[in-house]
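Single-letter residue listing:
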Amino acid sequence: MIQFVNFGTLFVFYINIAWVRGIPELYFTILNPYIMKRVTLFLAVLTSAFFISCEGPAGPPGPPGFDGLDGLDGQDGINILGKVIEIEGTFSFDNDYTLFYEFPNTIEVFESDIVLVYILWDQTEDNTGELVDIWRLLPQTRLLNQGILQYNYDHTFFDVSIFLESDFDLGTLQPGDTDNQVFRIAIVPAEYGQGARFDRSNLQQVMDLLDVEEKDISRIKLD
């Protein structure tokens, strides 16, 4: 605790001494400056003690506030990390022997990205008797009795078109060449295609690069 009683006692003592001895000149010339300094110091100490005494210990924390309202569900995200899509369709006179696939809004393709298309060319068996798909990168050419048939494609960053080209009438093709043909479209971001060394003709290697497994592939049957 701050002690300031002695300053008040000293102040009263000096005043009494000065007047009792009848020498007011001493009061005004000697004691008065000295007393004023003491009074100033006394007031400063008193003020400090007042402010110190007004500041108590911190109180306990208040109760927690209420939880806010739940926000609205966000929109579906856009995939920019690479994607593999499987489509199945039939080439016919009605669709001009062209399969057209438009990228959904959930997949963003940039002009600098690499779009690769593979055709399910055949199937074989492994050592355990399980069927293994054989995929070939387009374009692929077949030599038929009628002439030369080619499976080819082009694309934009909005869609992919897979079509047949030949040097003969496509209407003479057998169903095995046109019906229920299966393709996989791999979208490789530009940074992967430029910086990574991979065999584009190897679909499995491309899927490994994109970290895509069979269960991650979207499968779509075209009308």
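Keep in mind the model is a prediction, meaning the values are calculated, not measured.

Undergrad: Would you mind going over the side chain of R184 with me for this structure?
TA: Along the chain, R184 turns up in strand β8 (residues 181–188). Reaching out from R184, the side chain makes a polar contact with the side chain of E86 at a distance of 2.7 Å. Non-local contacts of R184, meaning those with residues more than four positions away in its chain, are made with V84, I85, E86, L116, V117, Y118, W135, L203, M207, E214, I217 and R219.

Undergrad: Please clarify how the nonpolar core should be interpreted in this entry.
TA: A general tendency of soluble globular proteins is for nonpolar side chains to be buried together. In terms of nonpolar packing, the biggest core is built from 42 residues, with L116, I162 and F183 touching the most fellow members. Looking at this core, the elements that each hand over two or more residues are β1 (83–89), β2 (98–102), β3 (114–125), β4 (131–137), β6 (148–155), β7 (159–166), β8 and α5 (203–210). For I162, the residues in contact, after removing those within four places along its chain, are I87, F91, Y97, T98, L99, V117, L138, N152, Y153 and F183.

Undergrad: Please clarify how the sheet that holds β3 should be interpreted in this entry.
TA: To summarise the sheet geometry, strands pair through backbone hydrogen bonds and adopt either a parallel or an antiparallel arrangement. A sheet is described by the order of its strands in space; here five strands give the open sequence β4-β3-β8-β1-β9, paired in mixed fashion. Looking at the sheet topology across the chains shown, the edges are occupied by β4 and β9 (218–221). Pairwise comparison of adjacent strand axes, ignoring direction, gives a mean angle of 30° for this sheet. Two elements, β1 and β8, share seven bridges in a ladder whose sense is antiparallel. Directly across from K83, in β8, lies its bridge partner I187. Contacts from α5 reach β1, β3, β4 and β8 within the one sheet, and its direction differs from that of β8 by about 40°.

Undergrad: Hey, could you run me through the sheet that holds β2 in this one?
TA: Across the sheet, which stays open at both edges, the four strands sit in the order β2-β7-β6-β5 with antiparallel pairing between neighbours. For this open sheet the edge positions go to β2 and β5 (140–143), each flanked by a neighbour on one side alone. Taking the axes of each pair of neighbouring strands and ignoring which way they run, one obtains an average angle of 15° across the sheet.

Undergrad: Before we go on, may I ask you to explain the environment of A190 in this structure?
TA: Looking at the secondary structure, you find A190 in helix α4 (residues 190–195). When neighbours within four sequence positions are excluded, A190 is seen to be in contact with S112 and D113.

Undergrad: Teacher, can you tell me more about the pattern of salt bridges here?
TA: Close approach of charged atoms lets side chains of opposite charge pair. Within the structure shown, the criterion is met by seven salt bridges. Here R219 and E86 are joined by a salt bridge, their closest N and O atoms 3.7 Å apart. Placement of R219 in strand β9 and of E86 in strand β1 is noted, with a sequence separation of 133 residues between them. We classify E86 as buried; its relative accessible area is 14%. Salt-bridge contacts for R219 lead to E214; the nearest nitrogen and oxygen are separated by 2.9 Å. Within this structure, E86, R184, E214 and R219 form a network of salt bridges that share partners.

What counts and what doesn't
- Residues numbered from 1 in each chain as written.
- Predicted model: local features only at pLDDT ≥ 70, side-chain atom pairs only at ≥ 80, totals over all residues.
- Heavy atoms only, no water.
- Helix = DSSP H or I, 4+ residues; strand = E, 2+ residues; numbered from the N terminus.
- Polar contact = N/O pair within 3.5 Å; in protein donor to acceptor, adjacent residues only side chain to side chain.
- Contact = heavy atoms within 4.5 Å.
- Core = buried A, V, L, I, M, F, W, Y, C linked by side-chain atoms within 4.5 Å.
- Buried < 20%, exposed > 50% of the residue type's maximum accessible area, 1.4 Å probe, protein only.
- Pairing = 2+ DSSP bridges.
- Axes fitted to C-alpha atoms, helices over the stretch in contact; angles between N-to-C directions.
- Salt bridge = Lys/Arg side-chain N within 4 Å of Asp/Glu carboxyl O.

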